[in-house]
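Residue-level structure breakdown
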Amino acid sequence: MTDIVAEIKALKEREDATILAHYYQNSEIQELADFTGDSLKLARAATQVKTKTIVFCGVHFMAETAKILNPDKRVLLPDLEAGCSLADSCPADKLKQFQDFLRSQGRKFQTVTYINSSAAVKALSDWVVTSGNAVEVIRRVPPDYEILFVPDKHLGSYLEEVTGRKMILWDGTCIVHEVFSVQDLLELKKRYPKAVTVAHPECPANIREHSDFVGGTEGMLRFLGTLKEPTDVLVATEVNMLWQMQHNYPQHRYHPVPGITCACNRCPFMARNTLEKLRDCLAKGEPEIHWQPEFDKAREVLERSLLNGPVKTTVGD
Ligand code: CIZ
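Please read these numbers as outputs of a predicted model, since none were measured by experiment.

Calculation criteria
Counting starts from 1 at the beginning of each chain's written sequence and moves along it residue by residue. Since the coordinates come from a predicted model, pLDDT governs what is reported: local features require at least 70, and pairs of side-chain atoms require 80 or more to be given and counted, while whole-chain, interface and lining totals use all residues. Numbering goes from the N terminus for both helices and strands, where a helix is a DSSP run of H or I of at least four residues and a strand is a run of E of at least two. For this measure, only C-alpha atoms enter the radius of gyration; the expected value for a globule follows 2.2 Å times N^0.38, where N is the number of residues. Neighbour counting defines burial: a residue surrounded by 20 or more other C-beta atoms within 10 Å of its own C-beta is buried, one with 12 or fewer is exposed, and intermediate counts give partly exposed, using backbone-placed C-beta atoms. Any two strands are treated as partners once DSSP identifies two or more bridges connecting them. Residue pairs are scored as contacts if the distance between their C-beta atoms, which are placed from the backbone, is within 7 Å. Think of each axis as a best-fit line through the C-alpha atoms, taken over the contacting stretch in the case of a helix, with angles from 0 to 180 degrees between the N-to-C directions. Think of pLDDT as the predictor's per-residue confidence, scored from 0 to 100. These domain limits were set by an automatic method or by a database of domain assignments. By definition, a residue lies near a molecule or strand when the C-beta atom built from its backbone is within 6 Å of it. Just so you know the grouping, Ala, Val, Leu, Ile, Met, Phe, Trp, Tyr, Cys and Pro go in nonpolar, Asp, Glu, Lys and Arg go in charged, and all remaining residues, Gly too, go in polar. By the definition adopted for this analysis, an angle is roughly parallel if under 35 degrees, roughly antiparallel if over 145, roughly perpendicular if from 65 to 115, and oblique otherwise. Two helices that cross are described as forming a left-handed crossing if the nearer one is turned anticlockwise from the farther one by less than a right angle, and a right-handed crossing if clockwise. For a helix, the expected span equals 1.5 Å multiplied by the number of residues minus one. Defined on buried residues, the nonpolar core groups Ala, Val, Leu, Ile, Met, Phe, Trp, Tyr and Cys residues joined through C-beta atoms within 7 Å.

A separate point is the overall build of the protein. When helices and strands are counted, the protein shows 15 helices and 12 strands. By the compact-globule yardstick of 20 Å for 317 residues, the protein fits well, its C-alpha radius of gyration being 19 Å. Relative to its 317 residues, the protein shows a buried fraction of 48%.

Next up, the structure:
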């Protein structure tokens, strides 16, 4: 065990803390976390935590969600600047303006919001979805309502295809999934003709249409478990996911699909969390996510959407 890992473990004991880490965190952080998962799994895990403190190794909206679901716990995020391009693409005041405009046109709609959004945006929503429960939640929207889907237009268009529900789509994208190069994917397919391709639904349609499986990170892991033979797998999602794949299904060989401008697809926001910052936030008890007035309304929406009953249908199932 390296010195810093030993330090973090000792501080975790001292501070009575649980470490939750998203699959897009670097491997050292995932390795020492108590729970790893996608947003849905981690949001649910956050409600089961027994310790007084949760350290959320992920991005801001995820730590905020953990706090909203656990008002009495102290929730720490190693770097407060760990943001999200999707959340930034949909400011609450712009969403409110657009909702008011639709209402002024007499449109009857419900707002379905991807979890990659601020609490203020969640508070303006009817539903919050993750890549793991979006299909199930969209089936709960009454058929006589239109759906305003925010903020990810690619995930929204994928959900339109899967559910057959036409949606009004917000014009937001994830900077990581937006930049996969279809040319490089086709090159990789030539190099590994027997490979299967898995892509996240935040990818544009030109990547999804060349993929054998489209789904969130938990869905991807389940899919890999169904492959009978050791297989070459081309992966179009954040590159740290490969560690989790390798960890769970070491029999396959994983190849990241590169982005247009770089050799890998690493989320710069997720990468802001490091072992050093994790140690320091445990030692100092900050940065901490503090309760905000909009959390009360966001909590109602999150509980209704994420915690009510078991998830039966997931993206990619
Ligand atoms: O839902 C999540 O955690 C995200 C952002 C991606 C995924 O599919 O896990």
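Attention now goes to helix α4 (residues 60-69). Most of α4 is tucked away, with 10 of its 10 residues classed as buried. Residues of α4 that are buried include every one of His60, Phe61, Met62, Ala63, Glu64, Thr65, Ala66, Lys67, Ile68 and Leu69, and no others.

On to the sheet that holds strand β10 (residues 213-214). Across the sheet, which stays open at both edges, the four strands sit in the order β10-β9-β11-β12 with parallel pairing between neighbours. In this open sheet, the two strands that pair with only one neighbour each are β10 and β12 (253-256). Relative to strand β11 (residues 232-236), strand β9 (residues 196-199) runs parallel, the two sharing four bridges. When the bridges of β11 are listed, Val196 appears paired with Val233. Sitting on the sheet, helix α10 (residues 182-191) is in contact with β9, β11 and β12, with an inclination near 175 degrees to β11.

Low-confidence regions, as indicated by low pLDDT, have predicted coordinates that should not be scrutinised in detail. Confidence in the prediction for the protein averages 94 pLDDT; 96% of positions are at 70 or higher. Throughout residues 309-317 the model reports pLDDT below 50, and contacts reaching past four residues in sequence, or to other chains, amount to 26 contacts.

Turning our eyes to something else, we now look at the domain arrangement of the protein. Along its sequence, the protein is organised into domain 1 (3-82 + 269-286), domain 2 (86-173 + 299-307) and domain 3 (177-256). Each of domain 1 and domain 3 has a C-alpha centre, and the two are 27 Å apart.

If you trace the four strands from one edge of the open sheet to the other, you get β6-β5-β7-β8, paired in parallel fashion. The open sheet has two edge strands, β6 (127-129) and β8 (167-169), and neither has a second partner. Going from strand to strand, the sheet's axes swing by 30 degrees on average, the running direction of each strand aside. Sheet topology places strand β7 (residues 146-150) next to β8; three bridges connect them, and they run parallel.

Around the ligand, a shell composed of His22, Tyr23, Asp38, Ser39, Asn116, Thr130, Ser131, His200, Gly216 and Thr217 is seen. In terms of residue class, the shell around the ligand is built from one nonpolar, eight polar and one charged.

Attention now goes to the packing of helix α1 (residues 3-14) against helix α14 (residues 275-284). As a packed pair, α1 and α14 sit with axes 9 Å apart at the nearest point and diverge in direction by 30 degrees. By the angle class used here, α1 and α14 are roughly parallel. Here α1 and α14 pass one another in a crossing that is left-handed. Along its contact with α1, which presents Ile4, Glu7, Ile8, Leu11 and Lys12, the element α14 presents Leu275, Glu276, Leu278, Arg279, Leu282 and Ala283. Broken down by class, the residue content of the contact of α1 with α14 amounts to seven nonpolar, no polar and four charged.

Right, let's talk about the pairing of strand β3 (residues 53-57) for a bit. Along β3, four of the five residues are buried, which leaves the element largely enclosed by surrounding structure. Direction of pairing for strand β1 (residues 17-22) relative to β3: parallel, over a ladder of five bridges. By the bridge assignment, Thr18 is partnered in β3 with Ile54. Here three bridges tie β3 to strand β4 (residues 74-76), and the two strands are oriented parallel to one another. In the strand pairing of β4, Thr53 is matched with Arg74.

For α1, which comprises 12 residues, the first-to-last C-alpha distance of 16 Å matches the rise-based estimate of 16 Å (1.5 Å per residue) to within 8%. Asp16 occupies a position one or two residues after α1 and carries a positive phi of about 50 degrees.

Here we take up the nonpolar core. In this structure, Leu20, Val55, Phe56, Cys57, Ala66 and Ala236 are the most contacted members of the largest nonpolar core, which totals 91 residues. Setting aside anything within four residues of it in sequence, one finds Ala66 in contact with Leu20, Ala43, Ala46, Ile54, Phe56 and Val75.

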